[in-house]
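Tertiary structure, described
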Amino acid sequence: MKQAVSKTISEKALLLGGVYGILGLITNLWFIIPLYGNLSLHLGEVFVISCLITRGLYPAILASIITTAGLVYETGNYVFFISAILEIIILNTLLRKGVLLLLADAVFWVMLGIPITYLTIKYIYDVTSVDFMQVILLKQAVNGVLIVSIVALLKPFIPLRWFSAAVEPEVPKLSDRVFELSLNSISLPALIISLFLSDSAADNTEKQMENVLKTRTEYYISYLTNYVDYHLKSLRSLEAVVLEDDFTDDERDVLLNKWNKIYSGFITMLIANQSGLIISGSPAEFYNNIKSAPEEKRRIVDRDYFKVPKAELRGYVSEVFRGRGFGDDPIVAISVPILDENKKFLGIVEGSLNIPKFENIEESMPDSDGHIIIKDQNKNIIYSSPELDLNALDHFEIVDITPTFTNRMPIFELKGEQYLYHADTTDYGWRVVALAEPSILIGSYGHNFLRLTIILLFIAVLSLAVTRRFSKQITKPLENLVRNFAAHRPIQDSASNIQTSLEIESVREQLKEAQYLTLEYQESLKREVEIKTAELMKMNDQLKKMSIEDDLTKIFNRRGFEKSVYEIFKLSCRNKTPITFAILDVDHFKAVNDTWGHTVGDDCLVMIAKELKEHFQRETDFVARYGGEEFVVFLSGGNIDKHCRMLEEFRKKIAGQKVPANGNFVKLTISIGVYSLENDFNIGYHHLVSKADELLYQSKNNGRNRITCDSQ
Ligand SMILES: Nc1nc2c(ncn2[C@@H]2O[C@H](COP(=O)(O)OP(=O)(O)OP(=O)(O)O)[C@@H](O)[C@H]2O)c(=O)[nH]1
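Residues numbered from 1 in each chain as written. Predicted model: local features only at pLDDT ≥ 70, side-chain atom pairs only at ≥ 80, totals over all residues. Heavy atoms only, no water.

An unreviewed UniProt entry lists the protein chain under the name diguanylate cyclase, with Kangiella aquimarina as the source organism. In its Subcellular location (unreviewed entry) section, UniProt records this for the protein chain: "Cell membrane". (UniProt positions renumbered as here; feature names shortened; annotations may be inferred.)

See below:
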């Protein structure tokens, strides 16, 4: 039966864990909050932590597995399961120890979360950038803390009936409750604001980086255009000079050499006639080598830099190619047609731009810490920054890769390194690509995240201090009041030396009032108890007295007499002190009662008792009413003859008394039996009594109003 009940409970709990898990999974799959690059916040775990605090460990582990399943499916990485389940177990342990949710999660991330994530991304994802690794780690931790902050803030709004009895937390201290609520209400907004700020800061950094690359590309393009235009212009000027005068071959060679010296960007220059024959060349040392070569070798009729100006009568900028004849440097040939006033094609002037001279482009760019690649239309490299270690003329194509840390800019990989880039095309169809290492961007993310973490830590420490103080301000006066109240110490006129509040002052007033009433009540109770105790003691005394005193005659009754006499009897026997025990009985008392009534009878008994007290006054004399009209006398010390004499005197005294009775007087006599111990004390008390009783009967039998004495 018991087993069946617990089975039902666990099935219900697991079912709920499943529901929480599915909600978490849906959130993780469809409600993703994008962050920098392809980083994003997953909030599905909010349901897992909620499940933990409301339903306990096992449903939460189930919820965690379901929620994380999406992530594991997407990435194929089972480590996420381990990390998620560990988080739940650690949180559960710390929460049961009374650690606040937010602090418990921070502890998890510092102790386990960050190290596990570090190992995962290092060994499974093979992320090489240390900066980016830091970004991922911090992002994961911030994600975790954000989730618990949300749960902690939602917790007070979760209906109590949703909490399973099994996880019912112990009633926390008020100060802890106030502390937790204040901390949560500070930390979550702080976290969201910080995330928002750092996100927009990162976005700005990306924009800046994009602009920098764009500007750099534009600069390079304009520099290149100017550079080429400048050299084209120089060729046009040369064309004009060549047309103006009728130069001899030597004069033209000198002119061309001079020109080449002025425009040092040209590695070589040449002039060809309308049939494509080189008629001048520079520098002289190269031209001299081919000058004497056969005409076919000096013809450039098949070259584009000749064919295009000839056909289209316009300037021409070539693709990159390796020079021939004049050397084998990678060159770009630019040429203009020589046209007479009738636009008749007379030949071309050509210059080969020295590609190594492109270095000047980079040098000309102030504070440039990026790289550059310039390609022609055939995707062959015209120029690339030396650090990239690429060769001019190499075919090079950019293949974009999926960026991990930016979704704004394209990125490609070159020799194992990733580069952000921006590319644009010049008028001549050249592609200019400006490159930047992502470390600047990642460094900025890292910087942002670090700043975010420091701000959060600062806020955490500050809010810890402030909220502790705040919660103390609320609870300390209450604690003081309650402690004083419980210890019955007087409640002060001010609740505490800490700043107080209206409500607490009101509580203090009421407690003071309650304490006053309690004290007053206690005082009156004490007084009442004292009175009652005194009364009880009095009654007790009375009862005690009543138990040993005869009510009518106010002398000892039988009990009181025996209690007083018994010890003295034993002591006297031990010390062999003479003792006398006498029993006195009123003669014909029935007749007195019958004749004069019981009241007169009582008066007679009272009279006898009074006389007994007066007659036997020594400390060692004891008298008592033994019962009915019977009295006893116990005498010790002195001698027994005197005892008998005293008793005889007493008999006479009573015989001489007159008790008033309804205008008359009643006369009484008594009979006495006396037994004394003088020599032989070997007798028990009751035996002594019966001896005296026997002697009393003798007195009665011998005519009454007499005394019969005997001793041993
Ligand atoms: N008034 C009064 N009478 C009492 C009291 N106690 C006992 N008596 C009466 O004392 C009488 C004793 O009578 P008995 O024992 O017959 O003896 P007696 O009449 O004195 O005769 P003897 O002893 O033989 O001389 C009874 O009538 C009792 O009712 C008492 O406290 N007050």
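Next comes the rest of the account.
So, the overall build of the protein chain
Counting secondary structure elements, the protein chain contains 18 helices and 19 strands. The buried share among the 712 residues of the protein chain stands at 45%. Across the protein chain, every contact between residues at least 6 apart in sequence was considered, and the portion connecting residues at least 24 apart equals 64%. Total accessible area computed for the protein chain in this model is approximately 38000 Å², and 57% of it derives from carbon and sulfur atoms. (Helix = DSSP H or I, 4+ residues; strand = E, 2+ residues; numbered from the N terminus. Buried < 20%, exposed > 50% of the residue type's maximum accessible area, 1.4 Å probe, protein only. Contact = heavy atoms within 4.5 Å. Areas by Shrake-Rupley, 256 points an atom, 1.4 Å probe, with all protein chains shown as cover.)

Here's the deal with the site of the ligand
The environment of the ligand is formed by 16 residues, the closest being His588, Phe589, Asn593, Asp602 and Arg625. Within the side chain of Lys700, an N or O atom sits 2.9 Å from an oxygen atom of the ligand. Contact distances for the ligand include 2.8 Å between an oxygen atom and a side-chain N or O atom of Arg704. If you list the elements that add at least two residues to the shell around the ligand, you get strand S13 (579-586), helix H15 (589-596) and helix H16 (598-615). Counting residues per element, the shell around the ligand draws most heavily on H16, at four residues. Within the shell around the ligand, the residues separate by chemical class into three nonpolar, five polar and eight charged. (Near = heavy atom within 4 Å. Polar contact = N/O pair within 3.5 Å; in protein donor to acceptor, adjacent residues only side chain to side chain. Nonpolar A, V, L, I, M, F, W, Y, C, P; charged D, E, K, R; others polar.)

Some points on the UniProt feature "transmembrane region" (unreviewed entry) in the protein chain
The feature "transmembrane region" (unreviewed entry), as given by UniProt, occupies residues 12-33, 45-66, 78-95, 107-125, 137-158 and 449-467 in the numbering adopted here. With 95% helix and 0% strand, the stretch residues 45-66 has end C-alpha atoms that lie 10 Å from each other. When the span residues 78-95 is considered, its composition is 94% helix and 0% strand, and the gap between its end C-alpha atoms is 26 Å.

A closer look at a nonpolar patch on the surface
On the surface, a nonpolar cluster with roughly 530 Å² of combined accessible area is contributed by Ile22, Ile26, Leu29, Trp30 and Phe31. Structurally, the position occupied by Phe31 is in the loop between helix H1 (2-30) and strand S1 (32-34). (Patch = residues over 30% accessible without salt bridge, like charges linked within 9 Å, V, L, I, M, F, W, Y side chains within 5 Å. Salt bridge = Lys/Arg side-chain N within 4 Å of Asp/Glu carboxyl O.)

Observations concerning the side chain of Ser64
Summarising the element assignment, Ser64 is placed in helix H3 (residues 57-75). For Ser64, a relative accessible area of 1% gives the class buried. If sequence neighbours within four positions are ignored, Ser64 has contacts with Val48, Ala84, Ile85 and Ile88.

Some details on the packing of aromatic side chains
Going through the model one piece at a time under the given rule, you end up with 19 aromatic pairs. With centroids separated by 6.1 Å and ring planes inclined at 35°, the aromatic side chains of Trp259 and Tyr263 adopt a geometry described as tilted. No difference in accessibility class separates Trp259 from Tyr263, as the two residues are buried. Between Phe412 and Tyr419, the aromatic rings sit 6.0 Å apart at their centres with planes inclined by 35°, giving tilted as the arrangement. In this structure Phe412 comes out as buried when scored by relative accessible area, which is 1%. Joined through ring pairs, the aromatic side chains of Phe561, Tyr566, Phe569, Phe581, Tyr626 and Tyr685 make up one cluster. The ring of Tyr626 is capped by Arg558, whose NZ or CZ atom sits 4.5 Å from the centre of that ring. Over the ring of Phe665 we find Lys658; its NZ or CZ atom is 5.5 Å from the centre of that ring. (Phe/Tyr/Trp six-rings, centres within 6.5 Å; stacked < 30°, edge-to-face > 60°. Lys NZ or Arg CZ within 6 Å of the ring centre and 35° of its normal.)

Some words on helix H8 (residues 249-262)
In this model, H8 (14 residues) spans 20 Å end to end at C-alpha, consistent with the 20 Å of a helix rising 1.5 Å per residue. Turning to H8, its buried residues are Arg252, Asp253, Leu255, Leu256, Asn257, Trp259 and Asn260. At its buried positions, H8 is contacted by helix H7 (174-244), strand S3 (266-273), strand S4 (278-282) and helix H9 (284-291). (Expected span 1.5 Å × (residues − 1).)

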